[in-house]
There are 2 protein chains.
Amino acid sequence: MYVDVMSSAALHEPTFLILAALAEGRKHGYGLIAEAETLSDGRVTLRVATLYTALDRLRKEGLIAPAGEEVIDGRLRRYYELTDDGAATLTQEIARMEQLAARATVRLRHRPGFAFGWGGGAWA
Amino acid sequence: MYVDVMSSAALHEPTFLILAALAEGRKHGYGLIAEAETLSDGRVTLRVATLYTALDRLRKEGLIAPAGEEVIDGRLRRYYELTDDGAATLTQEIARMEQLAARATVRLRHRPGFAFGWGGGAWA
DNA sequence: TCAACATACATCAGTGACCGATACATATCA
DNA sequence: TGATATGTATCGGTCACTGATGTATGTTGA
């Protein structure tokens, strides 16, 4: 299998959400859309075009793999699951995000004219 | 000024690095390339084409602003700085990344067949 | 009963951020 | 003097994402 081990290209958000959603276990297309919405607190709605092209691409890259088909209520479901390579990539991506977030936070605190209320910020 | 407050589109890595690099204070083009390289541990080299198109776009969006020009050793330097909107966007993006990273981590731990050694992982 | 809606699959053409290549100018170094 | 580093900037190509569209079945409500 051909795996670009040294790839450092950051995952786009929809792609990340697909891998993260599959981390729990196998899911089918529409299940992934629902899970991505949950993961992002409703911020991101996976579009079908994005989903199916991403699914195809990730399968070719060996990050996910088909995991059976079922017919539920007369409707076909195609399942996918994370491969070990996919889990490794996701792990790497999480580490990248955490490190960048941490470093950006430090720099923001050092910002000249740093203020606690910069207008429009919601601290929940 | 027109600001898309509810924008939920994730920043791409180069764009994020530019904003994060500017969080410390004003910087010029080549300074940003160096800072982005530092921030990403040498993983990401900002390309000039990416840099200048992003600088233009971010300026139009009001996230950064020109912050003076200088001539050092006969070479022109154009400086940029974060606007308050830019700092707010960066803050929001950091929160998004941290939340997604945390949630993805939880799901990965619940992964069926979860193993500690999945091949190729470097725990430093 | 039949139209509207939800579930579930899929494709096509357009957009926009990113990137390799290229260009120009000045300073330094071998 | 030719290569390398710093500094600016543009052009055309690639590719992930997206809006629109298509097909099919099951459910819900007037």
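Residues numbered from 1 in each chain as written. Chains lettered and ligands numbered in written order. Predicted model: local features only at pLDDT ≥ 70, side-chain atom pairs only at ≥ 80, totals over all residues. Heavy atoms only, no water.

A.B. asks: An account of the relation of the copies chain B and chain A is needed here, citing residue identities and associated values.
C.D. replies: In screw terms, the move from chain B to chain A is a rotation of 180° and a rise of 0.0 Å along the axis, fitting with an RMSD of 0.0 Å. The transformation just described matches what one would write down for a two-fold rotation axis. In this assembly, 100% of the residues forming the interface of chain B have copies in chain A that are likewise at the interface, indicating an isologous arrangement. (Least-squares fit on C-alpha atoms with pLDDT ≥ 70 in both. Contact = heavy atoms within 4.5 Å.)

A.B. asks: Let's hear about the nonpolar core: which residues, and what values?
C.D. replies: Formed by 61 residues in total, the largest nonpolar core has its most connected members in Ile-18 of chain A together with Phe-16 and Ile-18 of chain B. Apart from the residues lying within four places of it in its own chain, the contact partners of Ile-18 of chain B are Leu-32, Leu-46, Leu-51, Ala-54, Leu-55 and Leu-58 of chain B. (Core = buried A, V, L, I, M, F, W, Y, C linked by side-chain atoms within 4.5 Å. Buried < 20%, exposed > 50% of the residue type's maximum accessible area, 1.4 Å probe, protein only.)

A.B. asks: I'd like a rundown of the confidence of the model for chain A, residues and numbers included.
C.D. replies: Chain-level statistics for chain A give a pLDDT mean of 89 and a share of 85% at 70 or above. Here residues 118-124 of chain A is modelled with pLDDT under 50, and outside its nearest four sequence neighbours on either side it reaches five contacts, counting other chains as well. (pLDDT = per-residue confidence, 0-100.)

A.B. asks: An account of the pairing of strand β3 (residues 75-82) of chain B is requested, with residue identities and associated values reported.
C.D. replies: All names here are of chain B. Across two bridges, strand β1 (residues 27-28) lies against β3 in antiparallel orientation. Looking across to β3, one finds that His-28 is bridged to Tyr-79. In the sheet, strand β2 (residues 64-72) pairs with β3 via seven bridges, with the strands oriented antiparallel. Residue Pro-66 lies in a different strand from β3, and its bridge partner there is Tyr-80. (Pairing = 2+ DSSP bridges. Helix = DSSP H or I, 4+ residues; strand = E, 2+ residues; numbered from the N terminus.)

A.B. asks: If you had to explain the protein's contact with DNA strand D to someone new, which residues and values would you point to?
C.D. replies: In the vicinity of DNA strand D, 21 residues are found, and the nearest of them are Ala-49 and Asp-73 of chain A together with Tyr-30, Arg-77 and Arg-78 of chain B. Close to the protein, within 4 Å, the atoms of DNA strand D are drawn from sugar and phosphate at a rate of 63%. Here Arg-47 of chain A contributes a side-chain N or O atom positioned 3.1 Å from a phosphate oxygen of DNA strand D. Its residues placed into classes, the surface near DNA strand D shows eight nonpolar, six polar and seven charged. (Near = heavy atom within 4 Å. Polar contact = N/O pair within 3.5 Å; in protein donor to acceptor, adjacent residues only side chain to side chain. Nonpolar A, V, L, I, M, F, W, Y, C, P; charged D, E, K, R; others polar.)

A.B. asks: Summarise the pattern of salt bridges; cite the residues concerned and give the values.
C.D. replies: Side chains that differ in charge, positive against negative, can pair when their charged atoms come close. All names here are of chain B. Per the counting criterion, the structure on display carries 22 salt bridges over all chains. Residue Glu-93 pairs with Arg-96 through a salt bridge whose shortest N-O separation is 2.7 Å. One end of the pair, Glu-93, and the other, Arg-96, are both in helix α4 (residues 84-109), three residues apart, so they sit about a helical turn from each other. Note on accessibility: Glu-93 and Arg-96 belong to one class, buried. (Salt bridge = Lys/Arg side-chain N within 4 Å of Asp/Glu carboxyl O.)

A.B. asks: Describe in detail helix α1 (residues 13-23) of chain B, supporting the description with residues and values.
C.D. replies: All names here are of chain B. In terms of burial, α1 is largely enclosed, as 10 of its 11 residues are buried. For α1, the full list of buried residues reads Glu-13, Thr-15, Phe-16, Leu-17, Ile-18, Leu-19, Ala-20, Ala-21, Leu-22 and Ala-23. A positive phi of about 155° marks Gly-25, the residue just after α1.

A.B. asks: Describe in detail the interface of chain B and chain A, supporting the description with residues and values.
C.D. replies: Between chain B and chain A, the residue contacts involve 39 residues of the former and 39 residues of the latter. Counting the surface lost from both chain B and chain A, the interface buries some 3,700 Å², and carbon and sulfur atoms represent 61% of this. For the pair chain B and chain A, the number of links is eight salt bridges. Put simply, Glu-13 of chain B and Arg-96 of chain A hold a salt bridge, and the shortest N to O gap is 2.6 Å. Taken together, the connections running from chain B to chain A amount to 16 residue pairs in polar contact (both at pLDDT 80 or more). A breakdown of the residues in the side of chain B that touches chain A according to their chemical character gives 18 nonpolar, 10 polar and 11 charged. (Buried area = accessible area lost by both parts, 1.4 Å probe.)

A.B. asks: How would you explain the packing of helix α2 (residues 29-39) of chain A against helix α3 (residues 48-60) of chain A if you had to name every residue and give the values?
C.D. replies: Residue and element names in this part refer to chain A. Taken N-terminus to C-terminus, the directions of α2 and α3 make an angle of 115°; their axes are 11 Å apart at the nearest point. Relative to α3, the element α2 lies roughly perpendicular. In this structure, α2 meets α3 at a crossing whose hand is right-handed. Counted together, Gly-29, Tyr-30, Leu-32 and Ile-33 of α2 and Val-48, Leu-51, Tyr-52 and Leu-55 of α3 form the full contact between these two elements. Class assignment for the residues of the contact of α2 with α3 results in seven nonpolar, one polar and no charged. (Axes fitted to C-alpha atoms, helices over the stretch in contact; angles between N-to-C directions. Parallel < 35°, antiparallel > 145°, perpendicular 65-115°, else oblique. Left-handed = near helix turned anticlockwise from the far one by under 90°.)

A.B. asks: Quick one: what's the story with the sheet that holds strand β1 (residues 27-28) of chain A, residue by residue and with numbers?
C.D. replies: Pairing in this open sheet of three strands is antiparallel, and the strands run β1-β3-β2 (chain A) from one edge to the other. Of all the strands in the sheet, just β1 and β2 (64-72) of chain A have a single pairing partner and so form its edges.

A.B. asks: How would you explain the packing of aromatic side chains if you had to name every residue and give the values?
C.D. replies: In total, this model carries zero aromatic pairs over all chains according to the counting rule given. The residue whose ring lies beneath Arg-26 of chain A is Tyr-79 of chain A, and the NZ or CZ to ring-centre distance is 3.8 Å. (Phe/Tyr/Trp six-rings, centres within 6.5 Å; stacked < 30°, edge-to-face > 60°. Lys NZ or Arg CZ within 6 Å of the ring centre and 35° of its normal.)

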